[in-house]
Amino acid sequence: LPAEIGRLGELRVLLLPHNRFAMFPEAILQLPNLRELFLNGNQMRQLPEGIGLLTELRSLGLDGNPISQLPNSLQQLTHLQ
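Description of the structure in this document. (Residues numbered from 1 in each chain as written. Predicted model: local features only at pLDDT ≥ 70, side-chain atom pairs only at ≥ 80, totals over all residues. Heavy atoms only, no water.)

## Structural notes on the side chain of asparagine 65
Right, so step 1: With respect to the secondary-structure elements, asparagine 65 resides in the segment after β3 (59-61).
Right, so step 2: A distance of 2.8 Å separates a polar atom in the side chain of asparagine 65 from the backbone oxygen of leucine 39.
Right, so step 3: When sequence neighbours within four positions are dropped, the list of residues in contact with asparagine 65 reads Leu39, Asn40, Gly41, Asn42, Gln43 and Met44. (Helix = DSSP H or I, 4+ residues; strand = E, 2+ residues; numbered from the N terminus. Polar contact = N/O pair within 3.5 Å; in protein donor to acceptor, adjacent residues only side chain to side chain. Contact = heavy atoms within 4.5 Å.)

Structure (structure tokens):
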């Protein structure tokens, strides 16, 4: 995922399923208006604590990833449904 995606500050929906991401793309953390993020079917084992910065998130799709523990910062995402 190109780092330049972080420049799309008004982006609201990001669909990245089945891309074989082993790590969470850090550039996503620069998208403050993101409301829907789908990373289903990748190979991520963890999420960064910084995910709590995405305070506008309403939907987060992580199915199909071998994530064993979620970061405490998910509690900051009060709009998640």
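So much for the structure itself; the text now carries on.
## Thoughts on the sheet that holds strand β1 (residues 13-15)
Right, so step 1: Ordered by their spatial adjacency, three strands build an open sheet running β1-β2-β3, and the pairing between neighbours is parallel. Of all the strands in the sheet, the pair left with one neighbour each is β1 and β3. Within the sheet, the average angular offset between the axes of one strand and its neighbour, ignoring direction, is 5 degrees.
Right, so step 2: One ladder, built from three bridges, connects strand β2 (residues 36-38) with β3; its direction is parallel. Note on β3: the bridge partner recorded for leucine 37 is leucine 60. (Pairing = 2+ DSSP bridges. Axes fitted to C-alpha atoms, helices over the stretch in contact; angles between N-to-C directions.)

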